[in-house]
Protein chains: 2
Amino acid sequence: MASPSGPKGSISYRDAGVDIDAGDDLVERIKPFAKMTRIPEVLADVGGFAGLCAVPKDVEDPVLVSGTDGVGTKLKVAFETGAHDTIGSDLVGMCVNDVITTGARPLFFLDYFGTGKLDVGTAERVVRGIAEACRESGCALLGGETAELPGMYAPGEYDLAGFAVGVVARSKIVDGKRVAAGDKVVGLRSSGLHSNGYSLARRVLFDEMKLAPGDKPAGLEGRTVGEALMAPTRLYARHVQAVLSAGVDVRAMSHITGGGLPGNLPRVLPDGLGVRLGARWKRPAILELVAERVEEHELRRVFNLGVGYVFVVTAEEEERTNEALRALGEEPIALGEIVAMPPETDFEARVVFP
Amino acid sequence: MASPSGPKGSISYRDAGVDIDAGDDLVERIKPFAKMTRIPEVLADVGGFAGLCAVPKDVEDPVLVSGTDGVGTKLKVAFETGAHDTIGSDLVGMCVNDVITTGARPLFFLDYFGTGKLDVGTAERVVRGIAEACRESGCALLGGETAELPGMYAPGEYDLAGFAVGVVARSKIVDGKRVAAGDKVVGLRSSGLHSNGYSLARRVLFDEMKLAPGDKPAGLEGRTVGEALMAPTRLYARHVQAVLSAGVDVRAMSHITGGGLPGNLPRVLPDGLGVRLGARWKRPAILELVAERVEEHELRRVFNLGVGYVFVVTAEEEERTNEALRALGEEPIALGEIVAMPPETDFEARVVFP
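Residues numbered from 1 in each chain as written. Chains lettered and ligands numbered in written order. Predicted model: local features only at pLDDT ≥ 70, side-chain atom pairs only at ≥ 80, totals over all residues. Heavy atoms only, no water.

Comments concerning helix α7 (residues 237-245) of chain B
Now for step 1: Regarding α7 of chain B, the residues found buried are Ala237, His239, Val240, Ala242 and Val243 of chain B.
Now for step 2: Phi turns positive one or two residues past the end of α7 of chain B, at Gly247 of chain B, with a value near 85°. (Buried < 20%, exposed > 50% of the residue type's maximum accessible area, 1.4 Å probe, protein only. Helix = DSSP H or I, 4+ residues; strand = E, 2+ residues; numbered from the N terminus.)

This is the structure in structure tokens:
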């Protein structure tokens, strides 16, 4: 549609596929979501271009801890099933679960939503999910960007990136340096695959096994494949705060993300130490289904295997850790213990399965 | 390729399109870039899962300022021209130029790089550009995520999101509240279109005018269309620091991004005030070309028109502001002045063109 008053054949931004009004509409719709996440540190009445958040005064010698992540091709399952309400929780979980491994308390979060043609309703559902997960994690949704990029994404698709900042007193940073042989490894269960390995899971379930998202194969206990795959990434910020508040001197924490247990546990251990896993725990039903077509070694280095987050504590403090977690309704998994290993042991070989 | 030791017909992550080794290779390649951006506050030896950065001790009652942005479909021009070296500078500019409008000093930056199939060489060039822009802006590249999402992006394409955090003393926040009629508006030139309006510019130049990225139309003074479009977003952090260090009591600052002058100047002005633009400045050649097919009103609300960043200062401090900027080799533009307006004036009508 040429504008009547412009140059001959003039083109508008809307003609070119960018709808500023839709963007403004979305901004208005998500304001209340951001507001519900507000923490006392947020300066709400300033910042035309950016979000402002004070450094908490009760944190001595504060260190900021920051991480960014996406949710991978779990998005594809969201597109196929229309489950846009919880993918935001995945985004927050992927970022915040990383930040809290240092002992940091989540402070604020920002999101990036990129799409070809903005569907305000879908974007609103995604951002609402982000805000709800921020609130559960105790952090403010301080800002975000919704980008309409005509021709960059297939119709109905979008990508998400998240960015989390937390804060910890310098003397209270959990960095794994004091981990010692004999320390105990306590795990928290995951809800399923969380947000890793979906390209492999989708390949196996949809392409090889020819399942559809609405199918209910026997192993899934009445759930559809789509429902099992879309189970939101668990948010562990409350669990970490509970254990730290109980006074446990946590020596290391690990978020079991891409790379699985062998890829993530050694990231926070000193050289010469590894983990001997003792327990066999119940693996998620959806994982058992995927396992029918993926060899065990590959399964271990791609998926979380049912353990989403790990604490390393001294043997003396293991029970106090478990109690703090049980008070939240958790059933902590006694995964195993820290053992000495030759310093030249391969990275992933530092996690020994039973 | 089925694995020989797995279940019959077993599938690997690599079979499913995700190459962990390529990701690891990239991580090794970009480590030196991140290192070159390190600032004293960065805690470099901790943080397996996240980046750590202390709050600067010389900032009293510190407030964190954060923003996120992308670079829009300027990416498409990068794909078409192979100019992957400077798009990272655009990403940093889009985020950091927002953060500094509050008077904040940039502290750290994180990037998200999403692609269908990771091309390590391209990603390395993009991240190097990000790191160089971080260094020029005085902030640390504290982390990043490279996500390989098979089937989400067209071959050779990627999306970028950036996240910047800065810090400012609470008493030194620049928030526009003290702007008054008679204050002066000083502009810094942009390098071209920066990173906004590319869907419209590409539609006009490539689809309507049938130009190719390698063409050199008369108006572009010997540059190709691709070169003119890829001119990197200017980084204004040094300019802001120079003006603040000169002791100027800056009353407001604005980053001229999506929405142009009418969309961005009023964002930092109190109700009842607007800007009367007096100067006519030289518009970028590429903009003049686009203007042949876009009406003036639309041009103004989509593009920066050649002004990338704006200071509002008292009339008494205008010359000192200009001097500080000239010391950096700038030729500041005397854009106009702040004028009283009825409070009910439409948002964009608060910027009056000559």
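Concerning the sheet that holds strand β3 (residues 105-115) of chain A
Note: strands within a sheet are paired through backbone hydrogen bonds, in either parallel or antiparallel orientation.
Now for step 1: Spatially, the six strands line up as an open sheet ordered β4(A)-β3(A)-β5(A)-β2(A)-β2(B)-β1(B), and their pairing is mixed. Strands at the two margins of the open sheet, each flanked by one partner only, are β4 (140-148) of chain A together with β1 (42-43) of chain B. (Pairing = 2+ DSSP bridges.)

Things to note about the domain arrangement of chain A
All names here are of chain A.
Now for step 1: Taken domain by domain, chain A consists of domain 1 (20-172) and domain 2 (184-352).
Now for step 2: Inter-centroid distance (C-alpha atoms) of domain 1 to domain 2 is 24 Å.
Now for step 3: Taken residue by residue, the interface counts 28 residues in domain 1 and 27 residues in domain 2.
Now for step 4: Interface area for domain 1 against domain 2, summed over the two sides, is near 2200 Å², with a carbon-plus-sulfur share of 62%.
Now for step 5: By the criterion of area lost to domain 2, the three top residues of domain 1 are Lys74, Met94 and Asn97, representing 26% of everything that side buries.
Now for step 6: Taken together, the links from domain 1 to domain 2 amount to one salt bridge.
Now for step 7: Salt-bridge contacts for Arg238 lead to Glu136; the nearest nitrogen and oxygen are separated by 4.0 Å.
Now for step 8: At the boundary of domain 1 with domain 2, the tally comes to ten residue pairs in polar contact (both at pLDDT 80 or more).
Now for step 9: Elements with a contribution of two residues or more to the side of domain 1 that touches domain 2: α2 (74-81), α3 (87-99), β3 and α4 (120-137).
Now for step 10: At nine residues, the largest contribution of residues to the side of domain 1 that touches domain 2 is made by α3. (Domains from an automatic or database assignment. Contact = heavy atoms within 4.5 Å. Buried area = accessible area lost by both parts, 1.4 Å probe. Salt bridge = Lys/Arg side-chain N within 4 Å of Asp/Glu carboxyl O. Polar contact = N/O pair within 3.5 Å; in protein donor to acceptor, adjacent residues only side chain to side chain.)

Things to note about the packing of aromatic side chains
Now for step 1: By the definition in use, this model includes ten aromatic pairs over all chains.
Now for step 2: With a centroid separation of 4.9 Å and an interplanar angle of 75°, the aromatic rings of Phe79 of chain A and Tyr158 of chain A are classed as edge-to-face. Pair noted here: Phe79 of chain A is in helix α2 and Tyr158 of chain A is in strand β5 (residues 158-169), with a separation of 79 residues, a long-range link. Each member of the pair Phe79 of chain A and Tyr158 of chain A is classed as buried.
Now for step 3: In this structure an aromatic cluster arises from ring pairing among Phe79, Phe113 and Tyr158 of chain A.
Now for step 4: A cation sits over an aromatic face here: Arg267 of chain A above Phe49 of chain B, 4.0 Å from the ring centre. (Phe/Tyr/Trp six-rings, centres within 6.5 Å; stacked < 30°, edge-to-face > 60°. Lys NZ or Arg CZ within 6 Å of the ring centre and 35° of its normal.)

Re the packing of helix α2 (residues 74-81) of chain B against helix α5 (residues 198-208) of chain B
Residue and element names in this part refer to chain B.
Now for step 1: The N-to-C vectors of α2 and α5 enclose an angle of 50°; their axes lie 8 Å apart at closest approach. With respect to their mutual orientation, α2 and α5 come out oblique. In this structure, α2 contributes Lys74, Lys76, Val77 and Glu80 to the contact, and α5 contributes Tyr198, Arg202 and Phe206.
Now for step 2: The residue inventory of the contact of α2 with α5, partitioned by class, reads three nonpolar, no polar and four charged. (Axes fitted to C-alpha atoms, helices over the stretch in contact; angles between N-to-C directions. Parallel < 35°, antiparallel > 145°, perpendicular 65-115°, else oblique. Nonpolar A, V, L, I, M, F, W, Y, C, P; charged D, E, K, R; others polar.)

Some details on the pattern of salt bridges
Now for step 1: For the structure on display, the rule yields 52 salt bridges over all chains.
Now for step 2: The closest approach of N and O atoms between Lys57 of chain A and Asp61 of chain B, which form a salt bridge, is 2.6 Å. On the criterion of chain membership, the pair formed by Lys57 of chain A in the loop between β1 (51-54) and β2 (62-69) and Asp61 of chain B in the loop between β2 (51-54) and β3 (62-69) is interchain, its members lying in two chains.
Now for step 3: Here Lys57 of chain A falls in the exposed class, since its relative accessible area comes to 66%.
Now for step 4: Asp61 of chain B gets classed as partly exposed once you look at its relative accessible area, which sits at 28%.
Now for step 5: Each of the salt bridges in this network shares a partner with another, and the network as a whole consists of Arg14, Asp19 and Asp21 of chain A.

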